[in-house]
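Per-entry structural report
In case you want the letters, here they are:
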Amino acid sequence: MRVLSALLASTALLGGCATPPAPDGPPTGGNSNDCAVIAAIAREHYRFNSTDNRPLPIRFEGDYAPRCDWSRYGLAFQPYDPDQPGDPRERVRWVSFARPVYDGRGAVVETSIMHGPLAGMGYECRVVSGIAAWTVPEGACRNTWVS
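Now for a quick tour of the structure. It should be emphasised that the depicted structure is a prediction, and the values quoted were computed from it without experimental measurement.

Turning our attention to the state of the cysteines. What makes a disulfide is a covalent bond joining the sulfur atoms belonging to two cysteines. In this structure the tally under the stated criterion is 2 disulfides. Paired through a disulfide, Cys 35 and Cys 68 show a sulfur-sulfur distance of 2.0 Å. Across the disulfide from Cys 35 to Cys 68, rotation about the S-S bond amounts to roughly -80 degrees, and the bridge is consequently left-handed. In this pair, Cys 35 is assigned in helix α2 (residues 34-45) and Cys 68 in the loop between β1 (58-60) and β2 (94-97), connecting sequence segments 33 residues apart. By the burial criterion, Cys 35 is buried, and Cys 68 matches it.

Structure representation (structure tokens):
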């Protein structure tokens, strides 16, 4: 009986230590850091923010689709809609991100930006985990294509 009481008490204590899930949910097969890694690239490489350099519509590669609370990172992404009405040139404006690949030094992300027809660039960015957040070191994004 004494062992059972101790076991129940320790189980109750351990259950009370569980942390609640973050508002950002990992994508299917993704990592819970994906949103923070993508936000670091958006803020530090593309220099997006919620006021004077608003981000272009966001899209993801393949079946990858993280669920992120972008406002948590000071961003205001809108989803990319290839069928949006209006000027067709606006449908060619977006920023995209592939699933981050993690290693012992941080993460690598393929990303690209299109400002309009035949006006885009692709990059591969290295992101590192710092004390307070993920960061993109100077020169950590290299061009992979230009149109």
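The next point concerns the side chain of Thr 111. Relative to the assigned elements, Thr 111 resides in strand β4 (residues 106-116). Classification of Thr 111 as buried rests on a relative accessible area of 4%. Polar side-chain contacts of Thr 111 include one of 2.9 Å to the side chain of Tyr 46.

Within the secondary structure layout, Asp 34 lies in helix α2. Within the structure, Asp 34 has its side chain in polar contact with the side chain of Tyr 64 (distance 3.0 Å).

Let's shift gears to the pattern of salt bridges. Tallying each qualifying case throughout the model produces 3 salt bridges. Asp 103 is paired through a salt bridge with Arg 126; the nearest N and O atoms lie 2.9 Å apart. Pair noted here: Asp 103 is in strand β3 (residues 101-103) and Arg 126 is in strand β5 (residues 119-129), with a separation of 23 residues, a long-range link. The class for Asp 103 is partly exposed, based on a relative accessible area of 40%. On the accessibility criterion, Arg 126 (16% relative accessible area) is buried. The closest approach of N and O atoms between Arg 142 and Glu 124, which form a salt bridge, is 3.4 Å. With Arg 142 in strand β7 (residues 141-146) and Glu 124 in strand β5, the pair connects residues that are 18 residues apart, well separated along the chain.

What counts, and where the lines are drawn
- Residues numbered from 1 in each chain as written.
- Predicted model: local features only at pLDDT ≥ 70, side-chain atom pairs only at ≥ 80, totals over all residues.
- Heavy atoms only, no water.
- Disulfide = S-S within 2.5 Å.
- Helix = DSSP H or I, 4+ residues; strand = E, 2+ residues; numbered from the N terminus.
- Buried < 20%, exposed > 50% of the residue type's maximum accessible area, 1.4 Å probe, protein only.
- Polar contact = N/O pair within 3.5 Å; in protein donor to acceptor, adjacent residues only side chain to side chain.
- Salt bridge = Lys/Arg side-chain N within 4 Å of Asp/Glu carboxyl O.

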